[in-house]
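# What the coordinates show
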Amino acid sequence: MVDAARTRLTELRHALLTHHKALLDSERARYDHDVERIKTSGQLLNLVLHDPFFAWLHELSELIVMIDETFDADYAPTAADAARLLAQARTLLTPAEGGKGFRGQYFDALQRDADVVIAHGAAMKVLVRLEAEGRDRSQ
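Below is a summary of the structure that appears in this document. (Residues numbered from 1 in each chain as written. Predicted model: local features only at pLDDT ≥ 70, side-chain atom pairs only at ≥ 80, totals over all residues. Heavy atoms only, no water.)

Time to look at the overall build of the chain. Looking only at helices and strands, the chain features 6 helices and 0 strands. Starting at the N terminus and ending at the C terminus, the chain contains elements arranged as α-α-α-α-α-α. Over its C-alpha atoms, taken along the principal directions, the chain stretches across nearly 50 × 30 × 20 Å. The buried share among the 139 residues of the chain stands at 40%. Carbon together with sulfur atoms contributes 55% to the accessible area of the chain, which is approximately 7900 Å² in total. (Helix = DSSP H or I, 4+ residues; strand = E, 2+ residues; numbered from the N terminus. Buried < 20%, exposed > 50% of the residue type's maximum accessible area, 1.4 Å probe, protein only. Areas by Shrake-Rupley, 256 points an atom, 1.4 Å probe, with all protein chains shown as cover.)

So, about the packing of helix 3 (residues 58-72) against helix 4 (residues 79-92). Where helix 3 contacts helix 4, the axes come no closer than 11 Å and their chain directions differ by 175°. By the angle between their axes, helix 3 is roughly antiparallel relative to helix 4. Contact residues: E59, L60, L63, M66, I67 and T70 in helix 3; D81, R84, L85, Q88, A89 and L92 in helix 4. (Axes fitted to C-alpha atoms, helices over the stretch in contact; angles between N-to-C directions. Parallel < 35°, antiparallel > 145°, perpendicular 65-115°, else oblique. Contact = heavy atoms within 4.5 Å.)

Moving on, we get to the nonpolar core. Residues L12, L16, L23, F54, F102 and Y106 are the most contacted members of the largest nonpolar core, which totals 37 residues. If you tally residues by element for this core, the top one is helix 1 (residues 2-34), at 8 residues. Non-local contacts of F102, meaning those with residues more than four positions away in its chain, are made with L23, W56, L57, E59, L60, L92 and L93. (Core = buried A, V, L, I, M, F, W, Y, C linked by side-chain atoms within 4.5 Å.)

Our focus in this paragraph is the environment of P95. With respect to the helices, strands and loops of the structure, P95 is situated in the loop between helix 4 and helix 5 (101-112). Classification of P95 as partly exposed rests on a relative accessible area of 28%. Between the alpha carbons of P95 and R37 there is a distance of 28 Å; along the sequence they are 58 residues apart. In this structure P95 touches R103, Y106, F107, L110 and H120, once residues within four positions along its chain are discounted.

Here the focus is the side chain of D113. Turning to its location among the elements, D113 is positioned in the loop between helix 5 and helix 6 (114-138). In this structure the side chain of D113 is engaged in a polar contact, spanning 2.8 Å, whose partner is the side chain of S26. (Polar contact = N/O pair within 3.5 Å; in protein donor to acceptor, adjacent residues only side chain to side chain.)

In the structure shown here, the tally under the stated rule is 5 aromatic pairs. Judged by centre distance (5.2 Å) and plane angle (25°), the ring pair of F102 and Y106 falls under stacked. Pair noted here: F102 and Y106 are both in helix 5, with a separation of 4 residues, about one helical turn. Accessibility expressed as a relative area gives 0% for Y106, which makes it buried. Ring pairing ties together the aromatic residues Y31, F53 and F54, which thus form one cluster. (Phe/Tyr/Trp six-rings, centres within 6.5 Å; stacked < 30°, edge-to-face > 60°.)

On to the pattern of salt bridges, then. Counted by the stated rule, this structure contains 8 salt bridges. Among the salt bridges present, the one from R13 reaches D68, with a minimum N-O distance of 2.4 Å. In this pair, R13 sits in helix 1 while D68 sits in helix 3, placing the two residues 55 residues apart along the sequence. A relative accessible area of 23% means that D68 is categorised as partly exposed. R84 is the salt-bridge partner of D81, the closest N and O atoms lying 3.6 Å from each other. With D81 and R84 both in helix 4 and 3 residues apart, the pair spans about one turn of that helix. For D81, a relative accessible area of 8% corresponds to the buried category. (Salt bridge = Lys/Arg side-chain N within 4 Å of Asp/Glu carboxyl O.)

Any functional reading would require information that these geometric values do not contain.
As structure tokens, this is what we get:
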């Protein structure tokens, strides 16, 4: 059961990282167009860490870090850990029109960038499968 939880979390982490990259690429393009051209990866990193333009992405970054911390804990991840983190991913990746924080900005990103829509679909497909696997194991 422990290996199953680790496997599910590894797959979730990979899906979230892929999705994070799509969102970051989208926001970089928007920043390049609306604010100023980003010339180096170092400049992009500094902006992602410190500029309010990119701050909404921190919630997704923090979820990925939470998964990493679960792997680094003194105990192996449990089915309950996997279920909790999957639920957090489900909530976070549910866009909210007019919402605050990540979910509102995420809704807007989905409206303006087809690549974000494709990444969302891929992430949700993984999430649905992993949730179903968790339900199947608990029965």
